[in-house]
Amino acid sequence: MKSYRRELWFNVPTRRAFINITPQVQECLRESGIREGLVLCNAMHITASVFINDDESGLHHDYEAWLEKLAPHEPVSQYRHNRTGEDNGDAHLKRQVMGREVVAAVTAGKLDFGPWEQIFYGEFDGGRRKRVLVKIIGE
Ligand code: ZN
């Protein structure tokens, strides 16, 4: 069995953003040489997500509005977590809703996706360098 590991780095200038990272994951898959197996892709930070959905700008707007309704950033004093001196209590909750990781099948050297599936990095507390882990196993 072959195994491959790489970290993808991000430095999102805004507090929140959704970035399609499918091309980077496909590049990892090419580099790995693995034809049959599994790819795991996870945020290495507790205020960011990796998830699969459609690359559609309306949907990204809807996520933003929905997450702000569920866990508004302001007022930051509403979160007990922020008593630590942080202001990212909302980002921890948003990440919990959007998930930590995705696992995708690799078939014939490609991500074995349905027609609209794409992999996204969801940033909820940007303005600093953060990482996503890509681990691929198979043969
Ligand atoms: Zn925090």
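Structure first, text after, so check above.
Everything numeric here is computed off the predicted structure, so don't read it as measured data.

The rules we used
Residues numbered from 1 in each chain as written. Predicted model: local features only at pLDDT ≥ 70, side-chain atom pairs only at ≥ 80, totals over all residues. Heavy atoms only, no water. Pairing = 2+ DSSP bridges. Helix = DSSP H or I, 4+ residues; strand = E, 2+ residues; numbered from the N terminus. Axes fitted to C-alpha atoms, helices over the stretch in contact; angles between N-to-C directions. Contact = heavy atoms within 4.5 Å. Donors = N, O, S within 2.8 Å, 3.2 Å for Na, K, Ca; no water. Buried < 20%, exposed > 50% of the residue type's maximum accessible area, 1.4 Å probe, protein only. Salt bridge = Lys/Arg side-chain N within 4 Å of Asp/Glu carboxyl O. Arc of directions from axis to C-beta.

1. A closer look at the sheet that holds strand β4 (residues 48-53)
Okay, step 1: If you trace the three strands from one edge of the open sheet to the other, you get β2-β7-β4, paired in antiparallel fashion. Both edges of this open sheet fall to β2 (17-20) and β4, since each of them pairs with a single strand only. For this sheet the average axis-to-axis angle between neighbouring strands, irrespective of direction, equals 25°.
Okay, step 2: The pairing of β2 with strand β7 (residues 118-123) spans four bridges and is antiparallel. Following the sheet pairing, N20 is matched in β7 by F120.

2. Points about the sheet that holds strand β8 (residues 129-138)
Okay, step 1: The five strands are arranged β1-β8-β3-β5-β6 in an open sheet whose pairing can be described as antiparallel. Each having just a single partner strand, β1 (2-11) and β6 (110-111) make up the two edges of the open sheet.
Okay, step 2: Alignment of strand β5 (residues 101-107) against β6, held across two bridges, turns out to be antiparallel. Each bridged residue has a counterpart across the sheet, and for V106 the counterpart in β6 is L111.
Okay, step 3: Running at roughly 150° to β1, helix α1 (residues 22-32) makes contact with β1, β3 (37-43), β5, β6 and β8 of the sheet.

3. Things to note about the coordination of the zinc ion
Okay, step 1: At 2.0 to 2.6 Å from the zinc ion lie its protein donor atoms, namely H81 (NE2), E86 (OE), N88 (OD1) and H92 (NE2).
Okay, step 2: Of note, the zinc ion draws all its donor residues from one chain, in the sequence arrangement H-x4-E-x1-N-x3-H.
Okay, step 3: Here N88 falls in the buried class, since its relative accessible area comes to 3%.

4. Concerning the pattern of salt bridges
Okay, step 1: Under the definition given, this model contains 14 salt bridges.
Okay, step 2: Close ionic contact of R5 with E7 constitutes a salt bridge, the shortest N to O distance being 3.0 Å.
Okay, step 3: Classification of E7 by relative accessible area gives partly exposed; the value is 24%.
Okay, step 4: Here R128 makes a salt bridge to D125, at a shortest N to O gap of 2.9 Å.
Okay, step 5: Overall, the relative accessible area of 37% leaves R128 in the partly exposed class.
Okay, step 6: Because the salt bridges share partners, they merge into one network encompassing R16, E64, E68, D90 and K94.

5. Structural notes on α1
Okay, step 1: Within the sequence span of α1, burial applies to T22, V25, C28, L29 and S32. Within α1, the buried residues cover an arc of 120° as seen down the axis, which keeps them to one side.
Okay, step 2: Looking one or two residues past α1, G33 carries a phi angle of roughly 75°, positive in sign.

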